[in-house]
Amino acid sequence: MKTTKTILAGALAMSALVPMLSIPGAAFAQQYGPAQGMPRIEGFNVDEVKRMRPGVELNFDLYGTPGGSAALRIDGATRNVPMVETEAGHYEGTYTVSSRDKIAARSAVTANLRVGNQVASTVLNESLQIGVGYHSAKAAPNPQLKIERFNVEPVADLGGGNDLQFSMAGTPGAKVDLVIHGVKARVFLPEVSSGQYATTYTIRNSDRIVRNSTVTANMRMGDRVTSATLGKPLQTPAAPVPVARICYNCGTVEAVNLVEVKGEGGYLGTIGGGVVGALLGSQVGGGSGRTVAQIAGAVGGAYAGNMIEGKVRDTMHYEIVVRLNNGTTQMVPFAADPGYRIGEKVKVDAGVITRTS
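What counts and what doesn't
- Residues numbered from 1 in each chain as written.
- Predicted model: local features only at pLDDT ≥ 70, side-chain atom pairs only at ≥ 80, totals over all residues.
- Heavy atoms only, no water.
- Helix = DSSP H or I, 4+ residues; strand = E, 2+ residues; numbered from the N terminus.
- Buried < 20%, exposed > 50% of the residue type's maximum accessible area, 1.4 Å probe, protein only.
- Contact = heavy atoms within 4.5 Å.
- Areas by Shrake-Rupley, 256 points an atom, 1.4 Å probe, with all protein chains shown as cover.
- Salt bridge = Lys/Arg side-chain N within 4 Å of Asp/Glu carboxyl O.
- Pairing = 2+ DSSP bridges.
- Axes fitted to C-alpha atoms, helices over the stretch in contact; angles between N-to-C directions.
- 1 Å grid on protein atoms, 1.4 Å probe; cavity = no way out; pocket = protein on both sides within 12 Å on 5 of 7 lines; lining within 4 Å.
- Points joined across faces, edges and corners; volume = space filled by probe spheres on them.
- Nonpolar A, V, L, I, M, F, W, Y, C, P; charged D, E, K, R; others polar.
- Disulfide = S-S within 2.5 Å.

Overview of the overall build of the chain
- In terms of helices and strands, the chain carries four helices and 20 strands.
- When each of the 357 residues of the chain is scored for burial, the buried share is 32%.
- In the chain, of all internal contacts separated by at least 6 residues, the share reaching a separation of at least 24 is 62%.
- Summed over all atoms, the accessible surface of the chain reaches about 21700 Å², with 57% contributed by carbon and sulfur.

A word on the pattern of salt bridges
- Counted by the stated rule, this structure contains eleven salt bridges.
- One salt bridge in this structure joins Arg-323 and Glu-254, with 3.0 Å as the shortest N-O distance. Pair noted here: Arg-323 is in strand β17 (residues 315-324) and Glu-254 is in strand β16 (residues 250-261), with a separation of 69 residues, a long-range link.
- What makes Arg-323 partly exposed here is its relative accessible area of 35%.
- Linking Asp-337 and Arg-341 is a salt bridge whose minimum nitrogen-to-oxygen distance equals 3.9 Å.
- Assessed through its relative accessible area of 39%, Asp-337 is described here as partly exposed.

Remarks on the sheet that holds strand β14 (residues 215-221)
- Read across the sheet, four strands follow the order β11-β10-β14-β15 without closing on themselves; strand pairing throughout is antiparallel. This sheet does not close on itself; its edge strands, each paired only once, are β11 (187-189) and β15 (224-229). Taking each pair of neighbouring strands and ignoring which way they run, the sheet shows an average axis angle of 25°.

Remarks on the environment of Lys-175
- Structurally, Lys-175 can be placed in strand β10 (residues 175-180).
- Taking the C-alpha atoms as reference points, Lys-175 and Met-221, separated by 46 residues in sequence, lie 6.3 Å from one another.
- The residues touching Lys-175, leaving out its near neighbours within four places in the chain, are Asn-218, Met-219 and Arg-220.

Observations concerning the pairing of strand β20 (residues 352-355)
- Two strands pair when backbone bridges link them, and strand β19 (residues 345-349) and β20 are joined in this way by four bridges, in the antiparallel orientation. Bridge assignment links Val-346 to a residue of β20, and that residue is Arg-355.
- Between the antiparallel neighbours β19 and β20 lie two residues, among them Ala-350 with a positive phi of about 55°.

A closer look at the sheet that holds strand β5 (residues 90-96)
- Within the open sheet, the seven strands sit side by side as β1-β2-β5-β4-β3-β6-β7. Their pairing is antiparallel. Looking at which strands have only one partner, the edges of the open sheet turn out to be β1 (41-46) and β7 (118-123). The average undirected angle you get between the axes of adjacent strands in this sheet is 25°.
- Sheet analysis places strand β3 (residues 69-74) next to strand β4 (residues 81-87), joined by three bridges and oriented antiparallel. Bridge pairing links Ala-71 to Pro-82 in β4.

Examining the layout of surface pockets
- Roughly 650 Å³ of internal volume is contained in the largest pocket.
- Of all the secondary structure elements, the ones that give two or more residues to the lining of the largest pocket are β1, β7, β10, β11, β13 (196-202) and β14.
- Along the lines of polarity and charge, the residues of the lining of the largest pocket split into 16 nonpolar, seven polar and six charged.
- By volume, the second largest pocket is sized at about 150 Å³.
- Along the walls of the second largest pocket sit Arg-40, Glu-42, Glu-87, Gly-161, Thr-200, Tyr-201, Thr-202, Ile-203, Arg-204 and Asn-205, which together make up its complete lining.
- Top element by residues in the lining of the second largest pocket is β13. It accounts for three residues.
- Its residues placed into classes, the lining of the second largest pocket shows two nonpolar, four polar and four charged.

Details of the pairing of β16
- Examined bridge by bridge, β16 and β19 share three bridges and lie antiparallel to one another. Bridge pairing in β19 places Gly-251 opposite Val-346.
- As judged from the ten bridges shared by β16 and β17, these two strands associate in the antiparallel manner. Within β17, the residue paired with Ala-255 across the bridge is Val-321.

Things to note about the state of the cysteines
- Enumeration over the complete set of coordinates arrives at one disulfide.
- Two residues share a disulfide in this structure: Cys-247 and Cys-250, whose sulfurs sit 1.9 Å from each other. Taking the torsion about the sulfur-sulfur bond, which here is approximately 65°, the covalent link between Cys-247 and Cys-250 counts as right-handed.
- A residue is classified by how much of its surface remains accessible, and Cys-247, at 23% relative accessible area, is partly exposed.
- Take Cys-250: its relative accessible area is 14%, and that puts it in the buried class.

Right, dumping it as C-alpha cells:
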C-alpha cells in the first residue's frame, strides 16, 4: 500500500511537469530577455590618487551603452566594485582601499558592462597613482607605431548632445584612445578597417569643451606607445560680425531758415535821385532860400534814390543747417526752397546735399 501511494505521488508530480516540458524554452524565456546587440564601452578612467594607502578612495567612471549593468575588478582588491548609472551611459563606482588589499599603483583594473546576455570588457590604460604611469617606460622597438593622419569634423555648437566625429590613420592592429581637454573620460577609437580608426563622441552636458580644447590621441601596441595632437579646432569659426562704417559727412536736417539780404544803392541810384531832388528844390523859394532848397533837395533826392535802388536789390534765400554725425553743424545756402524738411537724413559733400533715406 505504501509503495502504491509513493508511485501515485510520483505520477502526479510528473503530470505537473508535463505542461512545462511541452513548452520549449519557457523557463529560459523568463530568466533571459531577448537577444540584444553587443554593448559598447566608449571610455574608462580613474581619478588618480597621490598615494596608495588604506582609506584612500578610488573613483572610477565608465561611459558606454546605457541601461546596462557595470562592475569592475581591481587586481589585489578583496572585492569587486559595482557601478551605478548616474545618467544615460555614464556609470560611476568608488572603491575604498582596505588594509587587507594588495593594490599597487599599476594594478590592472578590468571593467565589465553587461546589457542583456552580452558583456563588453576593457582594461584601464592608466595607473591608479599620479605620476606612476601604467605602461612601462622602455623605448619602443622598431618598427615604431605611426600616426599618419588625425582629424575631426568641427561642429557649429559644442553644447551637450552634439557629435564630434574623430578619425585616424596609422599602424594597424593598435589600441587608440583620445584625451579631450574638458572631458573627464578617455574616448576609445576602434579600428573600423585595417589601419583606420574612427568614432563619434556625443558631447555631454557635464563636458567643458571649448573651440580650441587640446585633443591628444594615444596609439598603443604592447609596450609601444605613440601620441599625436589634433591640429585644428573643434568648432567651426563664427561668422564675422559686420562692422558698421561711420559716415562722417552724414547727418540730419536741423533747421530750414528763410533769410532776407538787404540790397545797397549804387552810383546810378545816387545820381538819378540827386537830379530829381534838384528839380524839386528849384521850384521852392527864391534867392538864397532857393539855393538852399536846391541843395537840400539834391541831397535828399540822392538818399531817396539810393534807398529805392537798394530796395529793388533786396533778395531772399534759404539756409539749410545740417547736424552731422560727428556733432558739428554745416550750413548750405540755396537761392530757392530746396524742399528739405527738419529731421530728414542727408549727406553733405562739397556743399551739395543729398538725401540718404
